[in-house]
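# Reading the structure
The primary structure of each chain is shown beneath.
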Amino acid sequence: MTATVTVPAARATTAAPRRRIWSYWRFYLALSPFYILFAVFGLYPMLSTIVLAFQRWDGLSARRFTGLDNFAFLVKDPTFWQSLENTVVLFLMSTVPTLVLALLLAVMLQSAVRFTNVYRIAYFIPNVTSLVAMAIFFSSIFSTNFGLVNAALRSLGIPQQDWLGQPWGIKIAISTMIVWQWVGYNTLIYLAGLQAIPKDQYEAAKVDGAGAVRTFFAITLPQLRPVVLFTVVMSTIGGLQTFTEPQVMVGNSGGTGQSGMTVVLFFYRAAFLDNDYGYAAAIALSIFALVLLFTAINWRIFRGRGEDR
């Protein structure tokens, strides 16, 4: 009698959650477009890229499995290492000044009394401007004969420079454009974080006689640690995928000495100019690994010590 009673009860308990899950089918149906679109335009391309990295394919002929040949050639390719070096250098030249300037501007905006909203709109305009239009604009600014930068140098009695014709000039022009584009966006992010800091902490520091510099490093910066971590991680992800700026300013070749050749631009050239999609897939996986590596490093450096526990 005991066995005949417990077995149906066990079946009833396992069947009840299933019926409960299926009772929410309307909600699953409402969410299904997102998962369908992610599977078609996100998951499938990622899996296809991984498989393609181990094959040789020019887009027309049949695919041919080559194993690790694409990765072996990638390690020996000097252009890849050049593009990797350029990417890291441009990342450091653009991200560090961007975040430092954004933090300083946010602190000044926080203490500003008049026209604060006007400043916020002005700082955010570069972020919503067309990236291609900005690249063309900065190309004209750094032009050798008619650029505003060389005009300023000539007015000061300094010889003009061929900014887009020499390696470091290209890097300076590209990094300057990136700083101009993203400093306003990060300023607003920092400003939102500053407004969340309780005012009584600043009042207590003022009573204790702490100056502006001491207050910044003792109260403002520690309180902004999560916001700084967010901006660093997002800037890392975006900075290591730099493409449009060098592609428009110096072309697909990367300019003089390939000094503007980033990893993503190298991927674009391998895929859509050389039609070597298997090798391009291997480059794409290396970009993914590079982004993960730098993101993990920044996460480890900028997160608080208390979060390690």
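Look up: the structure comes first, before these words.
Now for a quick tour of the structure. Note that the coordinates shown come from a computational prediction; the quantities given were computed from them, not determined experimentally. (Residues numbered from 1 in each chain as written. Predicted model: local features only at pLDDT ≥ 70, side-chain atom pairs only at ≥ 80, totals over all residues. Heavy atoms only, no water.)

## Looking at the overall build of the protein
Under the convention used in this document: Think of it this way: any DSSP run of H or I at least four residues long counts as a helix, any run of E at least two long counts as a strand, and we number them from the N terminus. Type-normalised accessible area, obtained with a 1.4 Å probe on protein chains alone, sets the label of each residue: buried when under 20%, exposed when over 50%, and partly exposed for intermediate values. When checking whether two residues touch, look at their non-hydrogen atoms; a contact exists if any pair is within 4.5 Å. Accessibility throughout is a Shrake-Rupley quantity obtained with a 1.4 Å probe, and a residue counts as covered only by protein chains that appear here.
The helix and strand inventory of the protein stands at 14 helices and two strands. Per-residue burial over the protein gives 34% buried out of 309 residues. Long-range pairs, those at least 24 residues apart, make up 65% of the contacts in the protein with a sequence separation of at least 6. Accessible surface, the protein: about 18800 Å² in total, of which carbon and sulfur atoms supply 69%.

## Some points on the side chain of D77
This is how it is decided: Positive charges come from Lys and Arg, negative ones from Asp and Glu, while His and the chain ends are left out of the count. Think of a salt bridge as a Lys or Arg side-chain nitrogen and an Asp or Glu carboxyl oxygen that are within 4 Å of each other.
Its location among the elements puts D77 in the loop between α3 (69-76) and α4 (78-111). As a buried residue without a salt bridge, D77 has its nearest oppositely charged side chain in R269, at a separation of 6.6 Å. Leaving out residues up to four positions away in the same chain, D77 has contacts with F266 and Y279.

## Concerning the nonpolar core
What counts is decided by this rule: What is meant by a nonpolar core is a set of buried Ala, Val, Leu, Ile, Met, Phe, Trp, Tyr and Cys residues, joined one to another through side-chain atoms within 4.5 Å.
By size, the foremost hydrophobic cluster in this structure holds 19 residues, and its most contacted members are L240, V263, F266, Y279, I283 and I287. If you list the elements that add at least two residues to this core, you get α4, α13 (263-273) and α14 (277-302). Element by element, the count of residues in this core is highest for α14, at seven residues. Residues in contact with Y279, not counting those within four places in the same chain, are N70, F73, L74, D77, F266 and A270. By size, the runner-up hydrophobic cluster in this structure holds 17 residues, among which are L103, I197, F216 and I219.

## What about the packing of aromatic side chains?
Keep this limit in mind: A pair of aromatic rings is counted whenever rings of Phe, Tyr or Trp (Trp by its six-membered ring) have centres within 6.5 Å, and the orientation is called stacked for planes under 30 degrees apart, edge-to-face for over 60 and tilted otherwise. Charges are assigned to positions over rings by a cutoff of 6 Å between ring centre and Lys NZ or Arg CZ, combined with an angular limit of 35 degrees from the ring normal.
The final tally for this structure, using the stated rule, is 16 aromatic pairs. Taken together, a centroid distance of 5.2 Å and an interplanar angle of 55 degrees make the contact between F243 and Y268 tilted. Here Y268 lies in helix α13 and F243 lies in the loop between α11 (225-239) and α12 (244-250), a separation of 25 residues in the sequence. Here F243 falls in the partly exposed class, since its relative accessible area comes to 21%. Members of the aromatic cluster, joined through ring pairs, are W57, F243, Y268, F272 and Y277. Just above the ring of W57 sits the side chain of R63; from NZ or CZ to the centre is 4.4 Å. A cation sits over an aromatic face here: K171 above W168, 5.6 Å from the ring centre.

## Observations concerning the environment of T79
Looking at where T79 falls in the secondary structure, it is placed in helix α4. Taking C-alpha positions, T79 is 8.0 Å from F266, a pair spaced 187 residues apart along the chain. Residues within four places of T79 in sequence aside, it is in contact with Q258, F266 and R269.

## Examining a nonpolar patch on the surface
For the record, the criterion: Within this analysis, patches are made of residues with over 30% relative accessible area and no salt bridge. Like charges are joined at 9 Å or less; nonpolar side chains (Val, Leu, Ile, Met, Phe, Trp, Tyr) at 5 Å or less.
Among the surface-exposed residues, L31, F34, Y35, F38, L43, M46, L47 and I50 lie close enough to one another that they form a single nonpolar patch of about 810 Å² accessible area. Classification of I50 as partly exposed rests on a relative accessible area of 39%.

## Quick notes on unusual backbone geometry
Phi angles above zero are rare outside glycine, and Q258 is one such case at about 55 degrees. The topology assignment puts Q258 in the loop between α12 and α13. Residue N275 is not a glycine yet carries a positive backbone phi of 55 degrees. Considering the arrangement of structural elements, one finds N275 in the loop between α13 and α14.

## Quick notes on the packing of α4 against α11
Spelled out, the test is: Note on definitions: angles span 0 to 180 degrees between N-to-C directions of axes, and those axes are lines fitted to C-alpha atoms, for helices only across the stretch in contact. The sense of a crossing depends on the near helix, which, turned anticlockwise from the far helix by less than a right angle, makes the crossing left-handed and, turned clockwise, makes it right-handed. Gly is placed with the polar residues, together with every amino acid not listed as nonpolar (Ala, Val, Leu, Ile, Met, Phe, Trp, Tyr, Cys and Pro) or charged (Asp, Glu, Lys and Arg).
Where α4 meets α11, the closest approach of the two axes is 10 Å, and the angle between their N-to-C directions is 145 degrees. Here the hand of the crossing between α4 and α11 comes out right-handed. Where α4 abuts α11, its residues T87, F91, T95 and L99 lie against T231, V232, S235, T236 and G239. The residue inventory of the contact of α4 with α11, partitioned by class, reads three nonpolar, six polar and no charged.

## With respect to the packing of α4 against α13
Direction vectors running N to C along α4 and α13 enclose 145 degrees, while the axes themselves pass 8 Å from each other. Across from T79, F80, S83, L84 and T87 in α4, the residues of α13 making contact are V263, F266 and R269. Looking at the contact of α4 with α13 residue by residue, the classes come out as four nonpolar, three polar and one charged.

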